[in-house]
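The chain contents come next:
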Amino acid sequence: MPELPEVEVVRRGLEAHVVGSRIAAVEVLHPRLVRRHGAGAIDFVNQLVGRQFVGAKRRGKYLWLPLDNGDALMAHLGMSGQMLVQQAGQLDERHLRVRFSLGERELRFVDQRMFGGLSLSEGGAVLPAEMAHIAPDPMEPAFDPDVVVARIRRSSSGIKRLLLTQTVVSGVGNIYADEALWRVRLNGERPGNRLSRGTVLELLDHVRDVMTVALTQGGTSFDALYVNVNGQSGYFDRSLRAYGREGLPCERCGTLIRRVAFMNRSSYFCPTCQKPPRGR
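Residues numbered from 1 in each chain as written. Predicted model: local features only at pLDDT ≥ 70, side-chain atom pairs only at ≥ 80, totals over all residues. Heavy atoms only, no water.

## Quick notes on the packing of helix α1 (residues 4-17) against helix α6 (residues 197-216)
Between α1 and α6, the shortest axis-to-axis distance is 9 Å and the interhelical angle comes to 45°. Here α1 is positioned oblique relative to α6, judged by the angle of their axes. Two packed elements cross with a definite hand, and for α1 against α6 that hand is right-handed. Packed against α1, whose contacting residues are Leu4, Pro5, Glu8, Val9 and Arg12, the element α6 presents Met211, Ala214 and Leu215 at the interface. (Axes fitted to C-alpha atoms, helices over the stretch in contact; angles between N-to-C directions. Helix = DSSP H or I, 4+ residues; strand = E, 2+ residues; numbered from the N terminus. Parallel < 35°, antiparallel > 145°, perpendicular 65-115°, else oblique. Left-handed = near helix turned anticlockwise from the far one by under 90°. Contact = heavy atoms within 4.5 Å.)

Right under this line is the structure:
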């Protein structure tokens, strides 16, 4: 699933190519993609035609495009969602689900697996109410590391599980959690309440740093499903030190990277540099 850097790459593309455009027409090619809009596909179209995109914002992995009437178009990419800017009349993508006509260009929502979706948030231009429960992410001005440290150190859950909890800190997914934990030599099973304030702050600094580096490289693309608005893939996967490196030597100590099951996913870590806590 796209994480914060990948979504931020898309947001920047939308800001550059879509903001300022007025919506001439909307075509919903599959109703599942607007299932979160309770009034249905027809109302979704009627509410958007004639509106103008006036911004492109993000919190964590969620995007929204403020409209000129104070509402917002919310977008979640899910597992395979893509927001592409194409010239009008260009051949449709195989999994095109929603088309926004913007004059000479189109904004297209393409989604093979259809876990993503679009919806409207009334009055949600500044921050949609549907996203108010999501904590600020490490790249937001509103991010307060002291608040996050306090929440983590009150919990007996493992630190990786806490990093992935969107009400604690948003935008951190499996890939960048593993990379930041490797940098700090910290095992993801270590309970939050057993970590010092300094260790948590160092970890958060590395979370921000690893995502910043990934952002400069266009994000991480393991297949053709994650691309920016121009259809280009990121290449941060070439810089990974832990994630996806099972059986390869740790670049710090030479021990083979290990993979374990974690929350229906996988965790990758060095068993020497990132020793598991006793009893786990």
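## Regarding the environment of Leu248
As for its position among the elements, Leu248 is in the loop between α6 and β9 (258-262). Considering only alpha carbons, one finds Leu248 and Cys270, 22 residues apart in sequence, at a separation of 9.9 Å.

## Here's the deal with the pattern of salt bridges
Here the structure, examined in full by the defined rule, presents 21 salt bridges. Close ionic contact of Arg12 with Glu8 constitutes a salt bridge, the shortest N to O distance being 2.9 Å. Of the two residues, Arg12 and Glu8 are both situated in helix α1; the distance of four residues between them amounts to about one turn of the helix. For Glu8, a relative accessible area of 6% puts it in the buried group. Residues Arg241 and Glu251 are paired through a salt bridge, measuring 3.0 Å at the closest nitrogen-oxygen approach. Linking Arg241 in the loop between α6 and β9 with Glu251 in the loop between α6 and β9, this pair joins segments that are ten residues apart in sequence. With relative accessibility at 47%, the residue Glu251 sits in the partly exposed group. Salt bridges linked by common partners bring Glu8, Arg11, Arg12, Glu15, Arg58 and Asp137 together as one network. (Salt bridge = Lys/Arg side-chain N within 4 Å of Asp/Glu carboxyl O. Buried < 20%, exposed > 50% of the residue type's maximum accessible area, 1.4 Å probe, protein only.)

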